[in-house]
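# Summary of the model geometry
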Amino acid sequence: MTLTGGCGTRLLVLAAGGNLRSVVSFVVFALVAYATVRGILAPTRAALMAAGSVALPRQALPIAAGAAVIVATLGFVAWRRVPARHLVAAR
C-alpha cells in the first residue's frame, strides 16, 4: 500500500479525481486480487489457508470468542481494580 500511495479505496477516490498513477495502480491491484482468487495464485492461497486453519465445530468458535472476551474483561477489571458501581452503572 505504501508503494501505490494508499489502499484500494483511496486509489479509487484518487482515480475519480483524475490521478492517472492511481488508475494504473488500481488496475494492477485488481489483477493481482483476481489472480489470488481464481488465477495463478489460487493454489498457493488455498494451500496457505489449509495449513493455517484449525478445524473447530461450528458452535465452538462463538463460544470460544465469547469466553476469551469475558476472561480478558475480568482480567482487566482485576488488574485495574474497577469499583463495582462503575461496572453496574457504566460510569
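This section reports on the structure supplied with the text. (Residues numbered from 1 in each chain as written. Predicted model: local features only at pLDDT ≥ 70, side-chain atom pairs only at ≥ 80, totals over all residues. Heavy atoms only, no water.)

## Some points on the environment of Leu14
Applied cut-off: Only DSSP runs of H or I reaching four residues or more are called helices, and only runs of E reaching two or more are called strands; each is numbered from the N terminus. For each residue, the accessible area found with a 1.4 Å probe, counting protein chains only, is set against the maximum for its type, and the residue is called buried under 20%, exposed over 50%, and partly exposed in between. In what follows, residue pairs with any heavy atoms lying within 4.5 Å of each other are defined as contacts.
For Leu14, the position within the fold is in helix H1 (residues 8-16). Relative accessible area serves as the criterion here: at 25%, Leu14 is assigned to the partly exposed category. Spatially, the C-alpha atoms of Leu14 and Phe26 are 9.8 Å apart, while their sequence positions differ by twelve residues. Other than its neighbours up to four places away in sequence, Leu14 contacts Asn19 and Ser22.

## Let's talk about helix H2 (residues 20-37)
What sets the pattern is the α-helix's 3.6 residues per turn: residues three or four places apart point alike. Cut-off, in case you're wondering: In this analysis, the expected span of each helix is defined as 1.5 Å times one less than the number of residues it contains. Read the arc as the range of directions from the helix axis to the C-beta atoms. N or O atoms within 3.5 Å of each other form a polar contact, as long as, within protein, one can give a hydrogen and the other can take it, and as long as residues adjacent in sequence are counted only when both atoms are side-chain atoms.
Here H2 contains 18 residues, and its C-alpha end-to-end distance of 26 Å stays within 8% of the 26 Å for a straight helix at 1.5 Å per residue. Taken together, the buried positions of H2 are Ser22, Ser25 and Ala35. Looking straight down H2, one finds its buried side chains confined to an arc of 150°; they lie on one side. Turned more than 90 degrees away from the buried face of H2 sit Leu20, Leu31, Tyr34 and Val37, all of them exposed. The inward-facing, buried residues of H2 abut H1 and helix H3 (42-52). Between a side-chain oxygen at the N-terminus of H2 and the backbone nitrogen of Arg21 the separation is 3.1 Å; the capping residue is Asn19.

## Section: a nonpolar patch on the surface
Spelled out, the test is: Patch members must show over 30% relative accessible area and no salt bridge, and they are joined within 9 Å when carrying like charges or within 5 Å when they are nonpolar side chains of Val, Leu, Ile, Met, Phe, Trp or Tyr. Where accessible areas are quoted, they stem from the Shrake-Rupley method and a 1.4 Å probe; at the residue level, only the protein chains shown are allowed to cover. Throughout this description, the term salt bridge denotes a Lys or Arg side-chain nitrogen within 4 Å of a carboxyl oxygen of Asp or Glu.
On the surface, Leu20, Val23, Val24, Val27, Val28, Leu31, Val32, Ile40 and Leu41 cluster together to form a nonpolar patch covering roughly 830 Å² of accessible area. Structurally, the position occupied by Val24 is in helix H2.

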